[in-house]
Amino acid sequence: MSAHDSASAATGTKADALPDPAAARILSTASAGRVKVHRFEPSGRSITTVVGKGDEHWVDSGMGFCSCRAFYFAVTRGGNPSCYHIKSARVALDSGKAEVIVFADEEFDDFVRGLVPEL
Ligand SMILES: [Zn+2]
């Protein structure tokens, strides 16, 4: 039994400890297995999703896109749209904490339809 659970989220990261509650949320999302990379074989293309409060959002961390409402409203307001899903995805991908799930290419269309029902 090590001190590796619940209350020990703050591990000696003094240098980059941000006094920002949003940063804590991003870190906990990134490390809780809520960032998932769905990889389709054999093409190798992938879709990243982040599980938020009950919803799963499609995130393209490279392009800076997220399917959530916060991102949508940020886009309509102009500026530099982002949201905590995108930031969480970047943290998880950078630190190798994203969960990778492999699918067959035939499942791609259904998967996308499930994520974005309006399409
Ligand atoms: Zn989002």
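Below is a short write-up of the structure. (Residues numbered from 1 in each chain as written. Predicted model: local features only at pLDDT ≥ 70, side-chain atom pairs only at ≥ 80, totals over all residues.)

1. Description of the nonpolar core
Rules: Buried Ala, Val, Leu, Ile, Met, Phe, Trp, Tyr and Cys residues whose C-beta atoms connect them within 7 Å together make up a nonpolar core. Neighbour density around each residue's C-beta defines its exposure: 20 or more other C-beta atoms within 10 Å make it buried, 12 or fewer make it exposed, and counts between make it partly exposed, where C-beta atoms are placed from the backbone. Numbering of helices and strands runs from the N terminus, with a helix taken as a DSSP run of H or I at least four residues long and a strand as a DSSP run of E at least two residues long. Remark: residues whose backbone-derived C-beta atoms lie within 7 Å of one another are considered to be in contact.
Core analysis: the largest hydrophobic core is formed by 16 residues, its most contacted members being Ala 30, Val 35, Cys 66, Cys 83, Ala 89 and Ala 92. Residue assignment for this core shows that the elements contributing at least two residues are helix H1 (21-31) and helix H3 (84-95). No other element matches H3, which puts 5 residues into this core. In this view, Cys 66 contacts His 57, Val 59, Phe 71, Cys 83, His 85 and Ile 86; residues no more than four positions away in its chain are not counted.

2. So, the pairing of strand S2 (residues 46-51)
Rules: Each pair of strands is called paired provided DSSP finds at least two bridges between the two strands.
As paired elements, strand S1 (residues 35-41) and S2 share 5 bridges and run antiparallel to each other. Directly across from Val 35, in S2, lies its bridge partner Val 50. Count of turn residues in the S1/S2 antiparallel hairpin: 4 residues, of which Gly 44 carries a positive phi of about 85°. The hairpin formed by S2 and strand S3 (residues 56-60) contains 4 residues between the paired strands, and Gly 54 there has a positive phi angle of roughly 90°.

Bear in mind that shape data such as this cannot, by itself, settle questions of function.
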